[in-house]
Amino acid sequence: AQPLSCSNCSAPLRPLRLAGHYGSVVEIELCAPCHLVWFDVVESARLAGPGLLALIGEMAAAQTLAHQPLRPDLACPHCGTAVRTVHNRTRWGQSLQLECPQRHGAWQSFAQFLNEKGLLRPMNSADRARALQDAAGLLCVNCGGAVGAGDVNCPWCESVPALVDVARLARL
């Protein structure tokens, strides 16, 4: 089968075969430079713990790459239809995804995916102060870009400054 292409940067998406529930395999597509994951229909919900951890490892490895900002005309890699922002509720709060109106699936940025799984928490003022004192400064969990002291959102990818919730990740 022809590999899908990223509708943000036009590069071929990298298929990942990850562990799913009950011994199944879930195949998703990843664009590391754009920090995007494409999930067909309900693939995100079908990931088992080991598959989820493997995907988080892939996301961490992609942090070394230069981030490609998202274009406003992001489309479905299957049909080319413009995606729409969908607000979902999870047991950890609100989550976003960029869904194909034809129901082929949805894009999620790395941060959106981690948030959906309850693995991110918004930074409070103490977190921001500690990060700003660090030599590396305050870096976006989604794209790795520098976030200024007064920035409400990341100036590079518009993500809300957040931290990985290490305690919840350890329980995973």
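Before reading further, recall that the structure is shown in the block above.
The structure presented is a predicted model; accordingly, all values stated were derived computationally and were not measured.

A. Just the layout of surface pockets, in detail. As a volume, the largest pocket reaches approximately 700 Å³. Lining the largest pocket are 31 residues, and of these L96, Q112, E158, S159 and V160 sit closest to its centre. Counting only elements with at least two residues in the lining of the largest pocket, the list comes to strand 4 (84–90), strand 5 (93–99), helix 3 (110–116) and strand 7 (120–122). Ranked by the residues each element gives to the lining of the largest pocket, the list is headed by strand 5, at four residues. Considering only residue class, the lining of the largest pocket consists of 15 nonpolar, nine polar and seven charged. Looking at the second largest pocket, its volume works out to about 490 Å³. If you trace the second largest pocket, you find 24 residues lining it, with S44, A45, Q97, E116 and K117 closest to the centre.

Thresholds applied
Residues numbered from 1 in each chain as written. Predicted model: local features only at pLDDT ≥ 70, side-chain atom pairs only at ≥ 80, totals over all residues. Heavy atoms only, no water. 1 Å grid on protein atoms, 1.4 Å probe; cavity = no way out; pocket = protein on both sides within 12 Å on 5 of 7 lines; lining within 4 Å. Points joined across faces, edges and corners; volume = space filled by probe spheres on them. Helix = DSSP H or I, 4+ residues; strand = E, 2+ residues; numbered from the N terminus. Nonpolar A, V, L, I, M, F, W, Y, C, P; charged D, E, K, R; others polar.

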